[in-house]
Structure formats: C-alpha cells, structure tokens
Amino acid sequence: MAPRTTGGRCKGAMLALLVGGATACLGLLVSFSSITTVRTTAKQAIDQEVRDNLSRLASMIASTIDADAHRTLTHAQQEGGEVYNTLNAPLTNAIARTEGVRFVYTLRAVDNQMRFVLDGTPWGDSDGDGVEDHSRLMEVYQDPDPAAWDAINNNHATVTPEPFTDAWGTYLSAFAPVRDAQGVPDGVVGVDVSAREYQSRLARVDRA
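Source: prediction; values computed, not measured.

**Section: the environment of A69**
Okay, step 1: Relative to the elements of secondary structure, A69 occurs in helix α2 (residues 67-71).
Okay, step 2: In this structure the C-alpha to C-alpha distance between A69 and D180, which are 111 residues apart in sequence, comes to 9.5 Å.
Okay, step 3: Among residues more than four places away in sequence, those in contact with A69 are V83 and L87.

The structure is reproduced here in structure tokens:
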C-alpha cells in the first residue's frame with residue numbers, strides 16, 4: 001500500500017496563501033485607488049471653491065463701483081481725490097478683511113493698453129521684491145493677464161485657468177466688469193490670490 005503524502009495539503013495551503021495574498025494586494029490596490037480618487041475629487045472641489053469665491057468677490061466689488069464716476073478718473077493727478085478715495089474704499093476694505101487676498105484693483109483698456117485705475121493696495125513694498133505694491137492711476141499694466149482682456153472684451157467675469165506671473169509675482173486672479181446702468185463696462189475689478197496661498201489650500205488635502 002502506497003504511503004500517504006501531504007502534497008495535496010501543501011498544494012492546497014500554498015494555493016490558499018497565494019489567493020489570500022492576491023486578495024490582500026487587490027484590497028490594497030482598491031484602497032489606494034479609492035484614496036487617490038477621493039484626493040483628486042477633494043482637490044477639484046477646493047480648486048473650484050477658490051475660483052468661485054474669487055469670482056464672487058470680484059463681482060461683488062464691481063457692483064459697488066459707480067461706473068460713471070469711475071469713467072471720470074483719467075489723470076494721475078486725480079489719485080487721492082474725493083472721487084478716487086470714495087470709489088477705492090471697497091477695494092481697500094476687501095484686502096483688509098478677506099483672508100488670502102493680496103491685490104484688488106480696477107483696470108481699463110485705453111488705446112489697446114491695459115491701465116490701472118483704482119488700487120486698494122497700500123503704498124510700499126511689503127514683500128520686499130523690489131516692486132512697488134500700489135499701482136498709480138493710469139499706470140500701464142505691462143504684460144497683463146489674458147483673463148483681464150477676456151473680461152473687458154466679452155463683458156463677463158473670468159478666472160485665470162492657471163496662476164499667472166507678472167511683475168508682482170504669480171497669482172490666481174478673477175476679473176469682473178464695472179458696468180454702468182445700461183450694462184456698458186468701464187473696465188474690470190481684479191482680485192488676486194498668491195499662487196502660494198492657492199497651492200497651500202490644495203495641499204491641505206494631501207495632509208488630510
């Protein structure tokens with residue numbers, strides 16, 4: 001009579017181990033995939049929230065500005081005058097009271113150039129980059145954000161697809177038209193959040 005062997009059991013045990021290991025690996029892959037999906041979805045949600053908030057803030061500030069009065073600001077000497085200071089107050093308040101907002105200003109297209117009108121930013125170089133933070137009335141905006149042109153030319157609110165770099169740094173920006181009673185725009189309000197602040201908000205998802 002042939003001796004009994006444990007080969008069947010060994011094979012069965014090995015098969016069970018392999019199946020169990022494969023199942024565990026599959027579980028880890030599914031778990032990793034789920035975490036990646038949640039992470040991506042969360043980042044997309046935060047990204048959209050930041051953009052929506054920027055757009056709403058720009059539109060809200062634009063709605064407070066009298067476009068007819070804004071239209072009268074055409075010379076550098078008018079900066080600091082009563083009309084300028086009255087129109088500029090909501091921009092100054094937005095910077096002071098809104099976490100993460102770096103710059104709030106208005107722009108107007110003049111002779112195919114983008115020019116600053118109002119600027120709620122205090123005078124000085126607070127970030128030490130060698131560039132004056134405050135933009136003067138009728139100062140030319142060199143190499144402006146294309147989203148600003150889109151907002152002016154198409155009379156609608158826009159947000160930069162990706163952070164845009166100019167002389168003041170790299171920012172995610174929203175632009176909203178300053179319209180008169182007939183809906184005719186006299187420029188746009190710009191609201192900037194630094195790319196560092198924007199990326200910091202997205203990075204919170206990774207930490208979580």
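**Details of helix α3 (residues 82-97)**
An α-helix turns once every 3.6 residues. As a result, residues three or four positions apart point the same way.
Okay, step 1: With 16 residues, α3 should cover 22 Å at 1.5 Å per step; its first-to-last C-alpha distance of 23 Å lies within 8% of that length.
Okay, step 2: Within α3 the residues assigned to the buried category are Y84, L87, N88, L91, A94 and I95.

**Considering unusual backbone geometry**
Excluding glycine, residues mostly have negative phi values, and the peptide bonds linking residues are mostly trans.
Okay, step 1: Phi is positive for N112, close to 65 degrees, though the residue is something other than glycine.
Okay, step 2: Among the secondary structure elements, N112 is positioned in the loop between β1 (101-110) and β2 (113-119).
Okay, step 3: Its identity as a non-glycine residue notwithstanding, N155 has a phi of 55 degrees, on the positive side.
Okay, step 4: Note on placement: N155 falls in the loop between α4 (146-154) and β3 (158-159).
Okay, step 5: The partly exposed category is assigned to N155, whose relative accessible area is 26%.

**Examining the packing of aromatic side chains**
Okay, step 1: Scanning all chains against the criterion turns up six aromatic pairs.
Okay, step 2: Relative to Y171, the ring of F103 has its centre 5.4 Å away and its plane inclined at 70 degrees; by these criteria the two rings are edge-to-face. Note that F103 is positioned in strand β1 and Y171 in strand β5 (residues 169-179), a separation of 68 residues in sequence. By the burial criterion, F103 is buried, and Y171 matches it.
Okay, step 3: Both rings, one in Y105 and one in F175, keep their centres 6.5 Å apart while their planes meet at 65 degrees; by these two values the pair is edge-to-face. With Y105 in strand β1 and F175 in strand β5, this residue pair connects regions lying 70 residues apart in the sequence. Each member of the pair, Y105 as well as F175, carries the same accessibility label: buried.
Okay, step 4: What links up through ring pairs into an aromatic cluster is the set Y105, F116, Y141, W168 and F175.

**Considering the side chain of N88**
Okay, step 1: With respect to the helices and strands, N88 occurs in helix α3.
Okay, step 2: Taking relative accessible area as the criterion, N88 reaches 8% and is therefore assigned buried.
Okay, step 3: Setting aside anything within four residues of it in sequence, one finds N88 in contact with L118, D119 and G120.

Rules used throughout
- Residues numbered from 1 in each chain as written.
- Predicted model: local features only at pLDDT ≥ 70, side-chain atom pairs only at ≥ 80, totals over all residues.
- Heavy atoms only, no water.
- Helix = DSSP H or I, 4+ residues; strand = E, 2+ residues; numbered from the N terminus.
- Contact = heavy atoms within 4.5 Å.
- Expected span 1.5 Å × (residues − 1).
- Buried < 20%, exposed > 50% of the residue type's maximum accessible area, 1.4 Å probe, protein only.
- Phe/Tyr/Trp six-rings, centres within 6.5 Å; stacked < 30°, edge-to-face > 60°.

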